[in-house]
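What follows is the residue order along each chain.
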Amino acid sequence: MIKSPSLSFDTTAALLAQALSSGNLSRVARALQPLDVAETLEQLERLSTIDRAVAYRTLPKDRALEVFERFDAPVQADLLTGLQDAQVAEVFSALSPEDRVPLLDELPATVASRLVQGLGEEDRALTTAVLGYPRRAVGRYMSPRVVTARPEMMASEALDRVRQQLDEAESVYVLAVTDSSRHLLGVVPLRDLLRAGGTEQVADLMKPPSFVPATLNAEEAARYCADAKVLVLPVVDAEGRLVGVLTVDDALRILESAENEDSARSGGSEPLRRPYLATPIRSIVRARVVWLLVLALGATLTVQVMDIFETTLAEQVVLSLFIPLLIGTGGNTGNQAATTITRALALGDVRPRDVVKVVAREVRVGALLGLLLGGLGFVITSVIFTVPLGTVIGLTLLGVCTMAAAAGGLMPILGKTLKVDPAVFSNPFISTFVDAAGLIIYFLIASAVLGI
């Protein structure tokens, strides 16, 4: 059957809003019926918690499960509050163990416990095993359902095992090869099994495995999976026994989440962890207010510096004209350096032990930027005002750019060393520090050159 073309996004959103406001569930179902899973997800994420639950209940069972799996865990938790107990149990049991765990973290303990107890024995054991790892560990994101093969098996036997577990396993593109105690020995791609003769042994086909320990930080494991360009990354315990696999799609989701978190924190906010329109106002305020308070307190340093050099400003009022320029230039220079180094830390291009090399490079970069901007500032200010004032601006831009670039390169590494997210040590703190330090440099240079 050929699917009829969908209406535009805005038209569908308007029809859905009208149907929900009138309480006509059949119209809600008709508005969502032509949409595929991705389009349905996009429409539901824009709705309030109550309207989303109402619209979700009108979806056919199969599509409802697909849509639910695609929601972020906080949205899943919100959605469950609007469903009946029977629906909640059905949806929860249909999830894979690694998808249940983030949802359980968002639910009240009593609700989470009840849902786990309602699972079958095997599902409960697998879910509990994944729950047992630390929150940031890759063990929380791995799939414990793995197709394994033994080295003495024939290729045909391994393929039979794949067929038997085709509906249960997270991925069958790569088989883990283990011994009788589940110690990881190697991996064998499904392509090689299909290409091999039925009598070839798995031991002759398997390759050395890339793997990570279950306690490794999830972002590091995901980065390793992406760098190694593997579809499936085996996860082992402390004794080298296979406990699960991290698939490439789960690795990409981890990296996307980490990127969103870094972007939010580098901008002076906490990540929302929900689509913007699905996030309550109080949550958005809570995500922003802490950093605004921190920055407001930090800004008092700038006020103190201005107070100390009040006499200098009184004698040369023209100096106040250039304060926004110098503060803005220093802040932008520091933020550029911090963003570059934070990204390099995330990719593994830079490590904390490289701090001296990083600071030395950023000092040179900052000095060159300062020479370029300072030279331009000197010429323009000398033409418009006086040569001595142009000298002050040129030297200040040189000093501020050098200092800001060095601070921007240092602070993310300092955060990494202190086991704090480097993005937290990035833009908000650098702007505050550079503002105060830049003003000190400015007034000291002005005092020396102008003889104030």
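Up top you'll find the structure we're talking about.
Because the structure is a prediction, the values reported are computed rather than measured.

With respect to the overall build of the protein
Then, in step 1: The secondary structure content of the protein amounts to 21 helices and six strands.
Then, in step 2: Relative to its length of 452 residues, the protein is extended, with a C-alpha radius of gyration of 29 Å against a globular reference of 22 Å.
Then, in step 3: A principal-axis box enclosing the C-alpha atoms of the protein has dimensions of 90 × 65 × 45 Å.
Then, in step 4: Considering the protein as a whole, with its 452 residues, one finds that 45% of them fall into the buried category.
Then, in step 5: For the protein, the exposed area adds up to about 23,300 Å²; of that, 59% sits on carbon and sulfur atoms.
Then, in step 6: Computed over 41 positive and 50 negative side-chain charges, the inter-centroid distance for the protein is 1 Å.

Things to note about the sheet that holds strand β3 (residues 184-189)
Then, in step 1: The three strands are arranged β1-β2-β3 in an open sheet whose pairing can be described as mixed. With partners counted over all chains shown, the strands left at the sheet margins are β1 (148-149) and β3, one partner each.
Then, in step 2: Relative to β3, strand β2 (residues 174-178) runs antiparallel, the two being bridged by five bridges. Across the sheet, residue Val174 finds its bridge partner in β3, namely Pro189.

Some words on the nonpolar core
Inside soluble globular proteins, nonpolar side chains tend to come together where they are buried.
Then, in step 1: Counting 36 residues, the largest nonpolar core has Leu32, Leu44, Tyr56, Phe68, Leu80 and Leu103 as the members making the most contacts within it.
Then, in step 2: Apart from the residues within four sequence positions on either side, Tyr56 is in contact with Leu44, Ala64, Leu65, Phe68, Leu79, Leu83 and Val91.
Then, in step 3: Judged by nonpolar contacts, the second largest core, of 17 residues, contains Ala149, Ala158, Leu175 and Ala196.

Brief notes about the side chain of Glu98
Then, in step 1: Relative to the assigned elements, Glu98 resides in helix α8 (residues 97-106).
Then, in step 2: Buried and unpaired, Glu98 has Arg145 as its nearest opposite-charge partner, separated by 6.4 Å.
Then, in step 3: Looking at Glu98, its side chain comes within polar contact range of the side chain of Ser96, at 3.2 Å.
Then, in step 4: Residues in contact with Glu98, not counting those within four places in the same chain, are Arg140, Tyr141, Met142, Ser143, Pro144, Glu170 and Asp250.

So, a negative patch on the surface
Then, in step 1: The grouping of Glu121, Glu122, Asp167 and Glu168 at the surface amounts to a negative patch.
Then, in step 2: One can find Asp167 in the loop between α11 (155-164) and β2.
Then, in step 3: The class for Asp167 is exposed, based on a relative accessible area of 79%.

A look at helix α14 (residues 218-228)
Then, in step 1: Listed in full, the buried residues belonging to α14 are Ala218, Ala221, Ala222, Arg223 and Cys225.
Then, in step 2: Regarding α14, its N-cap is Asn217, as a side-chain oxygen of that residue lies 2.8 Å from the backbone nitrogen of Glu219 further along.
Then, in step 3: Looking one or two places after α14, you find Lys229, whose phi comes out positive at around 55°.

Remarks on the pairing of strand β6 (residues 242-247)
Moving residue by residue along a regular strand, the side chains alternate between the two faces of the sheet.
Then, in step 1: Among the six residues in β6, five count as buried, and that is most of the element.
Then, in step 2: Looking at chain direction, strand β5 (residues 232-236) and β6 are connected through five bridges and run antiparallel. Each bridged residue has a counterpart across the sheet, and for Leu233 the counterpart in β6 is Leu246.

Section: a positive patch on the surface
Then, in step 1: A cluster of basic residues, Arg351, Arg353, Lys357, Lys416 and Lys419, forms a positive patch at the surface.
Then, in step 2: Tracing the chain through its elements places Lys416 in helix α20 (residues 387-417).

Some details on the pattern of salt bridges
Then, in step 1: Counted according to the given criterion, the structure contains 12 salt bridges.
Then, in step 2: In this structure, Glu239 and Arg241 form a salt bridge, with 2.5 Å as the shortest nitrogen-oxygen distance.
Then, in step 3: With relative accessibility at 52%, the residue Glu239 sits in the exposed group.
Then, in step 4: The closest approach of N and O atoms between Asp250 and Arg253, which form a salt bridge, is 2.2 Å. With Asp250 and Arg253 both in helix α15 (residues 248-266) and three residues apart, the pair spans about one turn of that helix.
Then, in step 5: Each of Arg100, Asp123 and Arg145 takes part in a single network of salt bridges with overlapping partners.

What counts and what doesn't
- Once a new chain begins, its residue numbering starts again from 1 and follows that chain's sequence as written.
- Per-residue local features are limited, in this predicted model, to residues with pLDDT of at least 70; the limit for side-chain atom pairs, both in listing and counting, is 80 or more; totals at the level of whole chains, interfaces and linings are taken over all residues.
- The side-chain quantities take in all heavy atoms of the structure and omit both hydrogens and water.
- Counting from the N terminus, the helices are the DSSP runs of H or I reaching at least four residues and the strands are the DSSP runs of E reaching at least two.
- Atoms considered for the radius of gyration are the C-alpha atoms alone. The globule rule reads 2.2 Å times the number of residues to the power 0.38.
- Note on exposure labels: buried denotes an accessible area under 20% of the residue type's maximum, exposed denotes more than 50%, and partly exposed covers the range between, all computed with a 1.4 Å probe on protein chains only.
- Each accessible area is a Shrake-Rupley result for a 1.4 Å probe, and residues are judged covered by the shown protein chains and nothing else.
- Charged residues are defined narrowly, with Lys and Arg counted positive, Asp and Glu counted negative, and His plus the chain ends left uncounted.
- Where a charge lies is defined by one atom per residue type: Lys uses NZ, Arg uses CZ, Asp uses CG and Glu uses CD.
- We treat two strands as partners when DSSP finds at least two bridges between them.
- Remark: nonpolar core denotes a set of buried residues (Ala, Val, Leu, Ile, Met, Phe, Trp, Tyr, Cys) joined through side-chain atoms within 4.5 Å.
- Whether two residues are in contact is decided by their heavy atoms: any pair within 4.5 Å suffices.
- Any carboxyl oxygen of Asp or Glu within 4 Å of a side-chain nitrogen of Lys or Arg constitutes a salt bridge here.
- Here a polar contact means two N or O atoms within 3.5 Å. Within protein one must be a hydrogen donor candidate and the other an acceptor candidate, and residues neighboring in sequence count only if both atoms are side-chain atoms.
- Patch membership requires over 30% relative accessible area and the absence of a salt bridge. Like charges are linked within 9 Å, and nonpolar side chains (Val, Leu, Ile, Met, Phe, Trp, Tyr) within 5 Å.

Honestly, that's just the spatial picture; any functional story needs more than this.
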